[in-house]
Amino acid sequence: MADDLRQGYRGRIAPSPTGHLHLGHARTFLVAQQRALDVGGTLILRMDDLDGPRCTPEFSAAAIEDLRWLGLRWHEGPDLGGPHAPYTQSERMPRYAEAFERLRASGLIYPCKCSRQDVLRALSAPHEGEEEPLYPGTCRPASPCVPAEKRDGINWRFRVPDGGDVTFHDGHFGEQCATAGRDFGDFLVWRKDGFPSYQLACAVDDALMQITEVVRGADLITSTFRQLLILRELGHTPPAFFHCELMIDETGARLAKRNHALSLRTLRAQGRTPEEVRRLILDV
Ligand code: GLU
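Quick summary incoming for the structure in this document. Source: prediction; values computed, not measured. (Residues numbered from 1 in each chain as written. Predicted model: local features only at pLDDT ≥ 70, side-chain atom pairs only at ≥ 80, totals over all residues. Heavy atoms only, no water.)

Glancing now at the overall build of the protein chain. Within the protein chain, the regular secondary structure consists of nine helices and nine strands. Compactness check: the protein chain gives a C-alpha radius of gyration of 19 Å against a globular reference of 19 Å for 284 residues, within 12% of the reference. If one aligns the C-alpha atoms of the protein chain with their principal axes, the spans along those axes are about 60 × 40 × 35 Å. In the protein chain, buried positions account for 50% of the 284 residues. Pairs at least 24 apart in sequence give 75% of the contacts found in the protein chain among residues at least 6 apart. As displayed, the protein chain has an accessible area near 13400 Å², and 52% of this comes from carbon and sulfur atoms. If the 35 positive side-chain charges of the protein chain are averaged to one point and the 39 negative ones to another, these points end up 3 Å apart. (Helix = DSSP H or I, 4+ residues; strand = E, 2+ residues; numbered from the N terminus. Rg over C-alpha atoms; globule rule 2.2 N^0.38 Å. Buried < 20%, exposed > 50% of the residue type's maximum accessible area, 1.4 Å probe, protein only. Contact = heavy atoms within 4.5 Å. Areas by Shrake-Rupley, 256 points an atom, 1.4 Å probe, with all protein chains shown as cover. Lys, Arg positive; Asp, Glu negative; His and termini not counted. Charge placed at Lys NZ, Arg CZ, Asp CG, Glu CD.)

What follows is the structure, given as structure tokens:
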């Protein structure tokens with residue numbers, strides 16, 4: 001690890017409590033913990049619970065319990081507090097609202113009436129594997145302007161710099177580059193249900209919690225480009241990034257929360273020890 005990354009290292013693990021954690025999450029979190037431990041850094045637990053009714057307090061509590069059982073330890077978090085409390089996203093709304101207003105003032109976000117179905121219909125070839133389809137620009141104003149609409153009740157998108165390259169050095173995968181408007185389009189920053197998108201909440205929290213390195217799954221590399229644009233617009237120095245390989249099951253499919261057999265809960269109920277589970281993770 002480069003010396004400048006060692007200095008005051010702050011990493012984070014950020015589960016979404018939409019179900020029980022599985023081996024894939026556990027592996028990413030163990031890598032995150034190891035990278036923090038290697039340099040005597042600080043590890044933060046953040047609960048990413050903005051995904052509407054899918055997130056429950058029961059899953060949050062279960063995640064904390066399962067992570068502790070597996071041997072993960074953090075220095076700041078919902079259960080421990082810390083200088084950047086609260087560490088649960090649903091309790092941090094004023095920070096996201098403030099970031100939203102700053103983006104509004106910059107003229108780079110706009111309200112959008114399109115439903116996800118509209119967006120998909122307008123695309124001749126949906127981008128496979130993209131968690132957010134390339135937006136065709138239906139509601140995008142001709143030039144940046146400061147919209148006066150009320151924030152809630154409508155979706156808001158970030159206007160990406162078309163044709164502009166966004167690059168970063170990934171600690172695991174090396175140089176990464178994506179072209180705005182081609183590899184990803186105008187993306188959601190605020191949802192009509194009154195909550196920030198994952199992209200906005202994550203970028204704001206990583207900045208305010210002074211995270212120096214983000215360790216997470218490779219499926220979020222495309223999100224990193226979007227978050228870099230938000231961070232730049234808000235004037236924050238971006239953290240370093242280290243994306244981990246995703247775990248796959250015996251059929252070659254990515255592990256998901258629906259693979260109950262591989263949830264930490266199930267393995268634990270079957271009598272596996274934390275050491276056995278850690279070994280399983282290193283074997284696959
Ligand atoms: N909460 C997100 C997830 O579980 C991860 C967020 C992140 O690491 O940036 O998929």
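The next point concerns the site of the ligand. Every residue near the ligand is listed here: Arg12, Ala14, Ser16, Asp48, Tyr198, Cys202, Arg216 and Leu220. Alanine 14 is positioned such that a nitrogen or oxygen atom in its backbone is 2.7 Å from a nitrogen atom of the ligand. Protein burial of the ligand: of its 290 Å² of free accessible surface, 81% is covered by the chains. Among the detected pockets, the ligand sits in the largest pocket. Looking at side-chain class alone, the shell around the ligand contains four nonpolar, one polar and three charged residues. (Near = heavy atom within 4 Å. Polar contact = N/O pair within 3.5 Å; in protein donor to acceptor, adjacent residues only side chain to side chain. 1 Å grid on protein atoms, 1.4 Å probe; cavity = no way out; pocket = protein on both sides within 12 Å on 5 of 7 lines; lining within 4 Å. Sits in = over half its atoms within 2 Å of the grid points. Nonpolar A, V, L, I, M, F, W, Y, C, P; charged D, E, K, R; others polar.)

Turning next to the layout of surface pockets. Of the pockets and cavities examined, the largest pocket occupies roughly 1700 Å³. Counting residues per element, the lining of the largest pocket draws most heavily on helix H2 (residues 23–38), at five residues. The residue makeup of the lining of the largest pocket, split by class, is 19 nonpolar, 13 polar and 17 charged. (Points joined across faces, edges and corners; volume = space filled by probe spheres on them.)

This part covers the pattern of salt bridges. Following the criterion strictly, the structure yields 22 salt bridges and no others. Close ionic contact of glutamate 65 with arginine 265 constitutes a salt bridge, the shortest N to O distance being 3.3 Å. Of this pair, glutamate 65 sits in helix H3 (residues 57–70) while arginine 265 sits in helix H8 (residues 264–269), and the two are 200 residues apart along the sequence. Overall, glutamate 65 belongs to the partly exposed group, its relative accessible area being 40%. Given the relative accessible area of 26%, arginine 265 is considered partly exposed. Within this structure, Arg12, Arg46, Asp48, Arg92, Asp205 and Asp206 form a network of salt bridges that share partners. (Salt bridge = Lys/Arg side-chain N within 4 Å of Asp/Glu carboxyl O.)

So, on to the packing of aromatic side chains. Following the criterion strictly, the structure yields six aromatic pairs and no others. Taken together, Phe168, Phe184, Phe225 and Phe241 form an aromatic cluster joined through their ring pairs. Of note, arginine 68 hangs over the ring of tryptophan 74, and the distance from its end group to the ring centre comes to 4.4 Å. Across the ring face of tyrosine 135, the terminal group of arginine 157 is positioned such that the distance to the ring centre comes to 3.9 Å. (Phe/Tyr/Trp six-rings, centres within 6.5 Å; stacked < 30°, edge-to-face > 60°. Lys NZ or Arg CZ within 6 Å of the ring centre and 35° of its normal.)

Attention now moves to H3. Helix length check: H3 (14 residues) gives 20 Å between terminal C-alpha atoms against 20 Å at 1.5 Å per residue, within 8%. Within H3, the full set of buried residues consists of Ser60, Ala62, Ala63, Ile64, Asp66, Leu67, Trp69 and Leu70. Elements that come into contact with the buried residues of H3 comprise strand S1 (10–13), H2, strand S2 (42–45), H8 and helix H9 (274–283). Looking at the residues trailing H3, positive phi occurs at glycine 71, about 110 degrees. (Expected span 1.5 Å × (residues − 1).)

Attention shifts here to unusual backbone geometry. Backbone torsion omega between alanine 85 and proline 86 reads 0 degrees, so that peptide bond is classified as cis. Position of proline 86 among the secondary structure elements: in the loop between H3 and helix H4 (93–106). With a phi angle near 55 degrees, glutamine 210 is a residue other than glycine that sits in the positive phi range. When you line up the elements, glutamine 210 lands in the loop between helix H6 (198–208) and strand S8 (213–217).

Counting 37 residues, the largest nonpolar core has Phe158, Phe184, Phe187, Val189, Leu200 and Ile230 as the members making the most contacts within it. For this core, the secondary structure elements donating two or more residues are H4, strand S4 (155–158), strand S5 (165–170), strand S7 (187–190), H6 and helix H7 (221–234). No other element matches H7, which puts seven residues into this core. Ignoring any residue separated from it by four or fewer positions in sequence, one finds phenylalanine 184 in contact with Leu134, Val160, Val166, Ala178, Thr179, Phe225, Arg226 and Leu229. Counting residues in each nonpolar core, the second largest holds 29 residues, with Leu21, Leu67, Trp69 and Leu72 among its members. (Core = buried A, V, L, I, M, F, W, Y, C linked by side-chain atoms within 4.5 Å.)

This part is about the side chain of threonine 224. Counting through the fold element by element, threonine 224 comes out in helix H7. The residues contacting threonine 224, other than those within four sequence positions of it, are Phe168, Arg216, Phe241 and His243.

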